[in-house]
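Here is how the chains run, residue by residue.
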Amino acid sequence: MTRREFREHVFKMLFCIDFYEADEWAGQAERYLDSLESEAGEASLTKKDREELFQKVTAVSQKAGELDARIDSEAEGWKTKRMGRVDLTVLRLALYEMDYDEEVPTRVAINEAVEIARKFGGDESPGFVNGVLARLVE
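Model, not experiment: these values are computed from the prediction. (Residues numbered from 1 in each chain as written. Predicted model: local features only at pLDDT ≥ 70, side-chain atom pairs only at ≥ 80, totals over all residues. Heavy atoms only, no water.)

### Some points on the overall build of the protein
What the protein contains, in helices and strands, is seven helices and zero strands. Mapped from its N terminus to its C terminus, the protein presents α and β elements in the order α-α-α-α-α-α-α. Its C-alpha atoms give the protein principal-axis dimensions of roughly 45 × 30 × 30 Å. A total of 138 residues make up the protein; the buried ones form 41% of that total. Within the protein, contacts between residues at least 6 apart in sequence are counted, and of these 66% link residues at least 24 apart. (Helix = DSSP H or I, 4+ residues; strand = E, 2+ residues; numbered from the N terminus. Buried < 20%, exposed > 50% of the residue type's maximum accessible area, 1.4 Å probe, protein only. Contact = heavy atoms within 4.5 Å.)

### What about the pattern of salt bridges?
If you walk through the whole model with that rule in mind, you get 14 salt bridges. The shortest N-O distance in the salt bridge between Arg-50 and Glu-30 comes to 2.5 Å. In this pair, Arg-50 sits in helix α3 (residues 47-62) while Glu-30 sits in helix α2 (residues 22-40), placing the two residues 20 residues apart along the sequence. Look at Glu-30 and you get partly exposed, because its relative accessible area is 35%. Between Glu-97 and Lys-56 there is a salt bridge, and its shortest N-O distance comes to 2.7 Å. Of the two residues, Glu-97 sits in helix α5 (residues 85-100) while Lys-56 sits in helix α3, which places them 41 residues apart along the sequence. Note on accessibility: Glu-97 and Lys-56 belong to one class, buried. In this structure, a network of salt bridges that share partners links the residues Arg-4, Arg-7, Lys-56, Glu-97, Asp-101 and Glu-112. (Salt bridge = Lys/Arg side-chain N within 4 Å of Asp/Glu carboxyl O.)

### Remarks on the nonpolar core
If you look at the biggest cluster of nonpolar residues, it comprises 39 residues, and the most contacted ones within it are Leu-53, Ile-71 and Leu-133. At the level of elements, α1 (3-17), α2, α3, α4 (64-74), α5, α6 (106-120) and α7 (125-137) are the ones that each hand at least two residues to this core. Looking at which element gives the most residues to this core, the answer is α5, with nine residues. When near neighbours in sequence (up to four residues on either side) are disregarded, Leu-133 contacts Leu-91, Ala-94, Leu-95, Met-98, Ile-110 and Ala-113. (Core = buried A, V, L, I, M, F, W, Y, C linked by side-chain atoms within 4.5 Å.)

### Observations regarding the packing of aromatic side chains
The full count for this structure, using the stated rule, is five aromatic pairs. Ring-pair connections join several aromatic residues into one group, and the members of that group are Phe-11, Phe-15, Phe-19 and Phe-120. Seen from the ring of Phe-15, Arg-85 lies directly overhead, with NZ or CZ sitting 4.9 Å from the centre. (Phe/Tyr/Trp six-rings, centres within 6.5 Å; stacked < 30°, edge-to-face > 60°. Lys NZ or Arg CZ within 6 Å of the ring centre and 35° of its normal.)

From the geometry alone we can't say anything about function, so treat these as descriptive.
Printed below as a string of structure tokens:
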């Protein structure tokens, strides 16, 4: 699995978290990972991939309140409560990578966030995500 594929799966799993009760989410995550195995074949999704995906999603979701506070401080006129779910999820993932994932350079986190926003968000999403993240780096 490429890093971009990995990041997109983390994004998709993070996006789904708020749709489930806390005690249901782990089971839903397992179903999602099982579906990846059946689609791609076991060679494409290793046990290590499964563990790393689950760990990263868990880590980002545990920091969501802190990440949202930082985003709120820089997104003038667009508090997290008003943001589209795709944009907010992309911002949380990118900010987590910028602040807590030493393996991901800031420029890469921003570029990948813009690409995910372009793929899954609306027409304005890439520019919005890029603008908020640029303010968070300054």
